[in-house]
Amino acid sequence: MHKSGSASSLGPGGLDLSQTFFRQIERAAPPSPTKRHTKISVVGAGNVGMAIAQTILTQDVADELVLIDAKPEKLRGEMLDLQHAAAFLPRTKIQASVDYALTVGSDLCIVTAGARQIPGESRLNLLQRNVTLFRSIIPPLARYSPETILLIVSNPVDVLTYVAWKLSGFPSNRVIGSGTNLDSSRFRFLIADHLDVNAQDVQAFIVGEHGDSSVALWSSISVGGVPVLSFLEKQQIAYEKVTLQNIHKEVIDSAYEVISLKGYTSWAIGYSVANLARSILRDQRKIHPVSVVANGFYGIEGGDVFLSLPAQLGRGGVLGVANVHLTDEEAHQLRDSAKAILEVQNQLGI
């Protein structure tokens, strides 16, 4: 496929205007070699991949954005559509190709590609097909960008993050799954909606599997710095556990509802992943619930497993896991979530 990006040549002869259109000022020094050029590659130009790309562009996260997909015509169309918005966006070089060589030197590689489930297909068979797909994606990304950070978005994200870690040979801090970052945003929205406050003032985490066995950390929820459950207890305000369970169930069902209504999810995951990209590449050192190697945390054992824990993210990837206090019940649920992921993972033979 013909690749295209920002260029300074015009006309059939490819006349280069960059040196003639502008005149250098006297006694100028060359550009500083310390200025960092940030490059992000997004693999998969479907609804999720393009929502992520669009959000990255509008939030000025990268200097260069590369799109990779197996469908050259659609890929070129998506690239041109974004390039044509250049007058309304921060300056970013946008390129696209079916060739992974274009990803060379990427600071962050975001993988959204995944096989679609065939009606009647088992979850394990779908996962096996995604593993096969990852065998053609992860090794070339690692080869062309050996110092990159891998951010996996494809589902089931926890198991596929493990697969990406194994296939890449990268240290564990440089392989991250988007995990429950979006689940936690949905959780914060629902709590904020109940209390009629801004969701940004709500501190709340969903951890564990990005899926049905996820765990809501009710014990550590705070609003404006006020621990919610302990506040209710001190004020002798009664609440029912079933109410909390229903809110968590609503979080789990949120994606299914969106998919049933519009056919897919895109915008929220786009904002979620762009937010992760900014924290990583701008070395923000923010805490995000993302899928990381969880061995040794909260009594999790039985093998290497990736699941979401509140992790500090920065230029080195995962900088550490926050020591959030869990109740005995929450820790038990988290270990059960790890077991559920391991059961599926152990059937892959990787």
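My aim in this report is to walk through the structure given alongside it, one point at a time. (Residues numbered from 1 in each chain as written. Predicted model: local features only at pLDDT ≥ 70, side-chain atom pairs only at ≥ 80, totals over all residues. Heavy atoms only, no water.)

### Concerning the environment of Phe134
- Among the structural elements, Phe134 can be located in helix α4 (residues 123–144).
- Among the residues examined, Phe134 registers a relative accessible area of 0% and is labelled buried.
- Once the C-alpha coordinates of Phe134 and Ala113 are considered, the two residues, 21 residues apart in sequence, prove to be 8.5 Å apart. (Helix = DSSP H or I, 4+ residues; strand = E, 2+ residues; numbered from the N terminus. Buried < 20%, exposed > 50% of the residue type's maximum accessible area, 1.4 Å probe, protein only.)

### Some remarks on the pattern of salt bridges
- According to the stated counting rule, one finds five salt bridges in the structure shown.
- The closest approach of N and O atoms between Glu64 and Lys39, which form a salt bridge, is 3.9 Å. Taken together, the positions of Glu64 in strand β4 (residues 64–68) and Lys39 in strand β3 (residues 39–43) put the pair 25 residues apart, joining distant regions of the chain. For the residue pair Glu64 and Lys39, the accessibility class agrees, reading buried in each case.
- For Asp253, the salt bridge is made with Lys249, and the minimal N-O distance between the two is 2.6 Å. Here the residue Asp253 and the residue Lys249 both occupy positions in helix α8 (residues 241–262), the gap between them amounting to four residues, near one helical turn. (Salt bridge = Lys/Arg side-chain N within 4 Å of Asp/Glu carboxyl O.)

### Concerning helix α3 (residues 72–83)
- Spanning twelve residues, α3 covers 16 Å between terminal C-alpha atoms, matching the ideal 16 Å at 1.5 Å per step.
- Of all the residues in α3, the buried ones are Leu75, Met79, Leu82 and Gln83. Summarising the axial view, the buried residues of α3 lie within an arc of 100°, below the 170-degree limit, and thus occupy one face. Among the exposed residues of α3, those pointing more than 90 degrees away from its buried face are Glu73 and Asp81. (Expected span 1.5 Å × (residues − 1). Arc of directions from axis to C-beta.)

### Description of the nonpolar core
- Grouped together as the largest cluster of nonpolar side chains are 81 residues, with contacts concentrated most on Ile40, Leu67, Leu108, Ile110 and Ile152.
- Among residues more than four places away in sequence, those in contact with Ile110 are Ile40, Ser41, Val42, Val43, Ile52, Ile56, Leu151, Val153 and Val273. (Core = buried A, V, L, I, M, F, W, Y, C linked by side-chain atoms within 4.5 Å. Contact = heavy atoms within 4.5 Å.)

### Considerations on the sheet that holds strand β9 (residues 202–203)
- One open sheet holds the three strands; their spatial order is β9-β12-β13, and the pairing between them is antiparallel. Unpaired on one side and paired on the other, β9 and β13 (226–227) mark the two borders of the sheet. (Pairing = 2+ DSSP bridges.)

### A few points about a negative patch on the surface
- On the surface, a cluster of negative charge is contributed by Asp193, Asp196, Glu250 and Glu257.
- Residue classification places Asp196 among the exposed residues on the basis of a relative accessible area of 71%. (Patch = residues over 30% accessible without salt bridge, like charges linked within 9 Å, V, L, I, M, F, W, Y side chains within 5 Å. Areas by Shrake-Rupley, 256 points an atom, 1.4 Å probe, with all protein chains shown as cover. Lys, Arg positive; Asp, Glu negative; His and termini not counted. Charge placed at Lys NZ, Arg CZ, Asp CG, Glu CD.)

### Topic: a nonpolar patch on the surface
- A cluster of nonpolar side chains, Val226, Phe231 and Ile237, forms an exposed patch at the surface whose accessible area comes to about 240 Å².
- Its location among the elements puts Ile237 in the loop between α7 (228–234) and α8.

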